[in-house]
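Structural characterization, general
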Amino acid sequence: MKILAPSYYPQFSCIADACRHNCCVGWEIDIDEQSLERYRQAEGLLGQRLRDSIVEEPAPHFCLTAEERCPFLNERNLCDLITEWGEGALCQICADHPRFRNDWADRTEIGLGLCCEAAGRLILSQPYPMTMIPVGEEEEPEEEDLWELELRAFRDEALSLVGNDALPLQQRLDALLARSGAADPGKEMGVWAARFLPLERLDPAWGEFLERLSQGAGNVNPGAGSLPEIWFARAAEYFLYRHLPGAMEDDRLEARTAFAVLSTRFLQALSDVTGAKTLEDVVELARLYSSEIEYSDENLETILEQLDCQRELTDCAIDE
């Protein structure tokens, strides 16, 4: 069974202490069972530090410091486990981040998350539409069912639609919604900002941006905007690639398509209301959006429910 990834995937590498938003700060770091067993048996002072830093309930994880830093993130913003024992010492979540995996019957697709600034820079700066390449092999494939075949065919068509850089981006997104049968989440992102405000929040800056958007700024108009549309087209491809496979489990093809459109338009609106002028500005906004929305299962589920309700023309407001 092949492992596939976007063509830019092999170019990624962690920028470690050069990162402005370290993934070892502010995130609860869960420890997989295999790593936990290794840590329990580790020798020396670092082994004792490991055991002293692990909380095993409700699930094994590292206890963050008062500054919400991983206890092994040193003053140079480098990992003591890596500097002492190498990358093989990392638990699975640290070794994988910011990578994600979507498992199909006949393949595994991997990608990079926008919550990482280095990954975001790589994704948004691609000059051409996303293509996939083989990056490895796994065990024997399973037999695909009809729904999986139909879903992947739609996903590939969706990527082709969004990747047609000869057309205005909003025209592509409108065509995508029509093709999927999804309800249009609209172009008034101030409405969605107000819906996002009650959700779980990590960074105070996110709340400030939502407040500004909810006050009426940042509507998306077809053809408007001074930033290159290609940055946002690459973002739309990313959202489709990452989230459409989830419909294998929940049958939410329409809601997940609408989420990709909503996320793209919201990133455009954030860029407008904050006065973004450079790729680095947009990368930072994408990182913030991804961290706050994509990497919160609760927030993502709430938004998908809202998009489901919108399609069904029912009144299902987000609970505050």
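Residues numbered from 1 in each chain as written. Predicted model: local features only at pLDDT ≥ 70, side-chain atom pairs only at ≥ 80, totals over all residues. Heavy atoms only, no water.

Tracing the backbone shows Glu 292 in helix 13 (residues 279–294). Arg 201 is the oppositely charged side chain nearest to the buried, salt-bridge-free Glu 292, at an N-O distance of 5.9 Å. Ignoring any residue separated from it by four or fewer positions in sequence, one finds Glu 292 in contact with Glu 200, Arg 201, Leu 202, Asp 203, Trp 206 and Asn 299. (Helix = DSSP H or I, 4+ residues; strand = E, 2+ residues; numbered from the N terminus. Buried < 20%, exposed > 50% of the residue type's maximum accessible area, 1.4 Å probe, protein only. Lys, Arg positive; Asp, Glu negative; His and termini not counted. Salt bridge = Lys/Arg side-chain N within 4 Å of Asp/Glu carboxyl O. Contact = heavy atoms within 4.5 Å.)

Let us look at the pairing of strand 4 (residues 99–103). Residues Phe 100 and Asn 102 of strand 4 are buried on one face, while the alternating residues Arg 99, Arg 101 and Asp 103, pointing to the opposite face, are not. Bridge count for strand 4 against strand 5 (residues 107–112) is five bridges, and the pairing is antiparallel. Bridge pairing in strand 5 places Arg 101 opposite Ile 110. Linkage of strand 4 to strand 5, two consecutive antiparallel strands, is achieved through a turn of three residues. (Pairing = 2+ DSSP bridges.)

The next point concerns the environment of Leu 159. Mapping Leu 159 onto the fold places it in helix 6 (residues 146–162). Each C-alpha atom of the pair Leu 159 and Val 261 lies 12 Å from the other, and the pair is 102 residues apart in sequence. Once residues within four sequence positions are removed from consideration, Leu 159 is found in contact with Met 130, Glu 237, Leu 240 and Tyr 241.

Glancing now at the sheet that holds strand 1 (residues 2–6). Taken in spatial order, the four strands of this open sheet run 4-5-1-6, and their pairing is mixed. The open sheet has two edge strands, strand 4 and strand 6 (132–137), and neither has a second partner. Put simply, the sheet's adjacent strands are angled 30° from each other on average, direction ignored. Helix 10 (residues 229–243) rests against strand 1, strand 4, strand 5 and strand 6 of the sheet, and its axis sits at about 50° to strand 4. (Axes fitted to C-alpha atoms, helices over the stretch in contact; angles between N-to-C directions.)

Summarising the element assignment, Thr 108 is placed in strand 5. Those residues in contact with Thr 108 that lie beyond four places of it in its chain are Met 1, Lys 2, Ile 3, Leu 4, Arg 101, Asn 102, Asp 103 and Glu 138.

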